[in-house]
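# Results of the structural survey
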Amino acid sequence: FQEALDLPSDDLEVIETQAASEVVKYEYHVLYSCSYQVPVLYFRASFLDGRPLTLQDIWNGVHESYKTRPLQGPWDTITQQEHPILGQPFFVLHPCKTTEFMAPVLKNSQKINRTVNYITSWLSIVGPAVGLNLPLSYAKATSRDE
Amino acid sequence: MTDDKDVLRDVWFGRIPTCFTLYQDEITEREAEPYYLLLPRVSYLTLVTDKVKKHFQKVMRQEDISEIWFEYEGTPLKWHYPIGLLFDLLASSSALPWNIIVHFKSFPEKDLLHCPSKDAIEAHFMSCMKEADALKHKSQVINEMQKKDHKQLWMGLQNDRFDQFWAINRKLMEYPAEENGFRYIPFRIYQTTTERPFIQKLFRPVAADGQLHTLGDLLREVCPSAIAPEDGGKKNQVMIHGIEPMLETPLQWLSEHLSYPDNFLHISIIPQPID
């Protein structure tokens, strides 16, 4: 594994709980798996007092449209795993389907003669399922028409 | 002359005599006796400690019991690491039995993965096997297997059934006739003295000229500090399954014979013990 990009969320995300609003800090890391030769998304979240969110808490914060096919589609399985560099527990989107769902993206961009930033495209697909909504500015900054 | 197949059995049936003691701050209704158990080196803590859990829960009240976790000399033990790896890395220089402390409170969220069920252990184990085959065979062998074969691998491990496990695992140890080994060797190198939990890189078992790479070649390439003498010649021990293989051993042979059931070579680099 190598650390390709470390993307701390630039904003604190607010989620509503039953009693009151609580501020939740999300942390996302993009790593590269040399075994599967694809990027892998690691993430964790905690309340400001340090209490970690469970996978269920995070899932509750996900947009409805991603919940209708839970744990299917490109994001496959989410499991808790050890961060290979930090050694701490993180949630991980399993990488096995990545090549499969990225193939049409890459093929299409070739067809319309447009360069694609692999990481930006990949992250815009898998990120929203776990609360990471990539601002459009990322796409504008990293791709251009030929 | 020992047959190579005997090595597979010796690895599988390796055991570590362990003494489990309840953490002193746990609330008990009466005194908890320590519990002794022979732990399989190739298995996982949460897979083989049901009896330990039952033993201590007998003297505790339900409300004082949360998720079980284990600790050795202040270090929370990662259940997702094979038992033999944990022992070699943390306790091999100490006298037997291995003394492990059992906790039922204050789960260390920042250090340990949760283990909610046996299914979680199976998922982790299968995930490691899949990653190993991605390295060895671009996932072709494991993906060609049926679900029942995957189940047999897991059941073999869970029930300590060597023959049941190896009936399927032998397929993961094959390679095309025209090659001299796997595509890449699945390995992880662990050291307690570094920040990173382990080192894992792409490494081929065969050099461009067809020569077989050795354990020494691997270490020199990915972890040179491990075998280079420092501080006036204080060498480290390079340990797998409680033994120090010769550095001249071909890596391909080690991968076929000394891998853990997850098909990874888990290698410990530990300071030479002071005699």
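Conventions we followed
Residues numbered from 1 in each chain as written. Chains lettered and ligands numbered in written order. Predicted model: local features only at pLDDT ≥ 70, side-chain atom pairs only at ≥ 80, totals over all residues. Heavy atoms only, no water. UniProt positions renumbered as here; feature names shortened; annotations may be inferred. Contact = heavy atoms within 4.5 Å. Buried area = accessible area lost by both parts, 1.4 Å probe. Salt bridge = Lys/Arg side-chain N within 4 Å of Asp/Glu carboxyl O. Polar contact = N/O pair within 3.5 Å; in protein donor to acceptor, adjacent residues only side chain to side chain. Nonpolar A, V, L, I, M, F, W, Y, C, P; charged D, E, K, R; others polar. Phe/Tyr/Trp six-rings, centres within 6.5 Å; stacked < 30°, edge-to-face > 60°. Helix = DSSP H or I, 4+ residues; strand = E, 2+ residues; numbered from the N terminus. Buried < 20%, exposed > 50% of the residue type's maximum accessible area, 1.4 Å probe, protein only. Lys NZ or Arg CZ within 6 Å of the ring centre and 35° of its normal.

Chain B carries the name Autophagy protein 5 in an unreviewed UniProt entry, which gives Heterocephalus glaber as its organism. Under the UniProt heading Sequence similarities (unreviewed entry), the entry covering chain B gives this text: "Belongs to the ATG5 family."

Looking at an unreviewed UniProt entry, one finds chain A named Ubiquitin-like-conjugating enzyme ATG10, with Heterocephalus glaber as its source organism. Note on chain A: under the UniProt heading Sequence similarities (unreviewed entry), the record states "Belongs to the ATG10 family."

Here we come to the interface of chain B and chain A. Counting residues at the interface gives 20 residues for chain B, matched by 18 residues for chain A. Taking both sides of the interface into account, the surface hidden between chain B and chain A amounts to around 1,600 Å²; carbon and sulfur atoms contribute 51%. By the criterion of area lost to chain A, the three top residues of chain B are Lys110, Leu113 and Arg196 of chain B, representing 28% of everything that side buries. At the boundary of chain B and chain A, one finds one salt bridge. The salt bridge partner of Glu82 of chain A is Lys78 of chain B, with a shortest N-O separation of 2.4 Å. Remark: the boundary between chain B and chain A carries seven residue pairs in polar contact (both at pLDDT 80 or more). Residue composition of the side of chain B that touches chain A, by class: eight nonpolar, four polar and eight charged.

Throughout the structure, instances matching the rule amount to 17 aromatic pairs over all chains. Summarising the aromatic geometry, the rings of Tyr42 of chain A and Phe90 of chain A are spaced 6.5 Å apart at their centres and angled 65 degrees between planes, so their arrangement reads as edge-to-face. With Tyr42 of chain A in strand β4 (residues 38–47) and Phe90 of chain A in strand β6 (residues 89–93), the pair connects residues that are 48 residues apart, well separated along the chain. The residues Tyr42 of chain A and Phe90 of chain A share a single accessibility class, namely buried. An angle of 65 degrees between the planes, with centres 5.2 Å apart, marks the rings of Tyr81 of chain B and Tyr190 of chain B as edge-to-face. Within this pair, whereas Tyr81 of chain B is found in the loop between β4 (75–76) and α4 (83–90), its partner Tyr190 of chain B is found in strand β6 (residues 187–191), the two being separated by 109 residues in sequence. Classification of Tyr81 of chain B as buried rests on a relative accessible area of 7%. Pairwise contacts between aromatic rings join Trp12, Phe13, Phe162, Phe165 and Trp166 of chain B into one cluster. Positioned above the aromatic ring of Phe47 of chain A is the side chain of Arg51 of chain A, whose terminal nitrogen or guanidinium carbon lies 4.4 Å from the ring centre.

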